[in-house]
Amino acid sequence: MDFKQIPYLKQRDFVDPYKRQEKKGYHPLIKEEGHPWDTCMISARSMHLLFLKEIFSESPLKTFYKETIEEIYYQMICDYLEDNYLKKGIKNITRFSSAYHNEMLNKNFAANKINYRYVSCKATIDNAKKILSGAMPNSIPQPVIAGTDISNFIVLKQNERPYQNGRGTSKGHIQVFVEVTTEGIVSKDPYGNAITGYKDHNGDNVLYPNKHLHLLLADYCLMIYLERIK
C-alpha cells in the first residue's frame, strides 16, 4: 500500500466540537480548548485511524469519515479523560499526552476484538523504516505516528532557543510519516511544511530532507505504531 495516498488532515481546519450548540468552547472539565495550532495529536491520530479503517474494514472503525473524524476523536479523548480520571478526582492529566491516547484506543480495540495495540519506540530513521515496512516485531506495514520537535523551524518567543541535544526549548509536534527515501522522510504534517517555517500550509506528503532529521527527531521524541497482541 502506498501510504502517501491516505487522507491528509490539516489541523488548521479543525473545529472544536465544544464550541457548538452553545457549549463553553472547551471541554467542561478538562478546560482545554481545541485550537487549530494545538491539535496536531488529534489530526495525526485521526489520519492513522483512517488508514486502519481500510485494514479492519468490518470493525467499528468503518464509521469514521475524513470530514468528521477530528471532531469526533477530540470529543472521544476528552470524554475518556473525564470519565476515567477527572470524575475520580485524578488531576493533572492532559489530552496532549500520547500515553492516554494509546490507553483509550487500546481499550476500544480490545472491546471490539481488534487484536492489536498501540505501542511506542524511540523516534529514529531506522525505526521509521521498520514500522513502514512491517519489520517491527508483531507489526504490520503502516504509517508512523511520529513525535517531532519543530523548535528549529519556527519563530520562538523571547528568551527561548531551539532545542538540541537536551538543551533549549522543546516544541513537540505530531506528524504522520508515510515513506523513507534516500533524500529523507515524507510526512503528512498536519500544520504544513516546517522547512518554510510553516508559511506553506500544505503539509501533505512534504519531504523533510536528511540534513534536517536530526533536528526533527530530537532525543525525547517517540514514534507510535500498532503491534499484534500475541
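Structure: see above.
Residues numbered from 1 in each chain as written. Predicted model: local features only at pLDDT ≥ 70, side-chain atom pairs only at ≥ 80, totals over all residues. Heavy atoms only, no water.

Time to look at the nonpolar core. Counting residues in each nonpolar core, the largest one holds 70 residues, and the members touching the most others are L49, L52, L81, Y118 and M223. Of all the elements, helix α1 (residues 40–55) adds the most residues to this core, at 9 residues. In this view, Y118 contacts R45, H48, L49, L52, N102, L105, N106, F109, I145, I224, Y225 and L226; residues no more than four positions away in its chain are not counted. (Core = buried A, V, L, I, M, F, W, Y, C linked by side-chain atoms within 4.5 Å. Buried < 20%, exposed > 50% of the residue type's maximum accessible area, 1.4 Å probe, protein only. Helix = DSSP H or I, 4+ residues; strand = E, 2+ residues; numbered from the N terminus. Contact = heavy atoms within 4.5 Å.)

Turning our eyes to something else, we now look at the packing of aromatic side chains. Using the criterion set out here, one finds 8 aromatic pairs in the structure. Ring centres 5.5 Å apart and planes at 90° place the aromatic pair F3 and F51 in the edge-to-face group. With a gap of 48 residues between them, F3 in the segment before α1 and F51 in helix α1 connect regions that are remote in the sequence. Assigned by exposure class, F3 and F51 land together as buried. (Phe/Tyr/Trp six-rings, centres within 6.5 Å; stacked < 30°, edge-to-face > 60°.)

What follows deals with helix α4 (residues 125–133). Since the α-helix advances by 3.6 residues per turn, residues separated by three or four positions end up pointing in the same direction. Among all positions of α4, only N127, A128, I131 and L132 are buried. Taken down its axis, α4 places every buried residue within 130° of arc, on the same side. For α4, the elements touching its buried residues are β1 (116–122), β2 (144–149), β3 (172–180), β4 (184–188) and β6 (222–228). In the segment just after α4, G134 is the residue with positive phi, at about 85°. (Arc of directions from axis to C-beta.)

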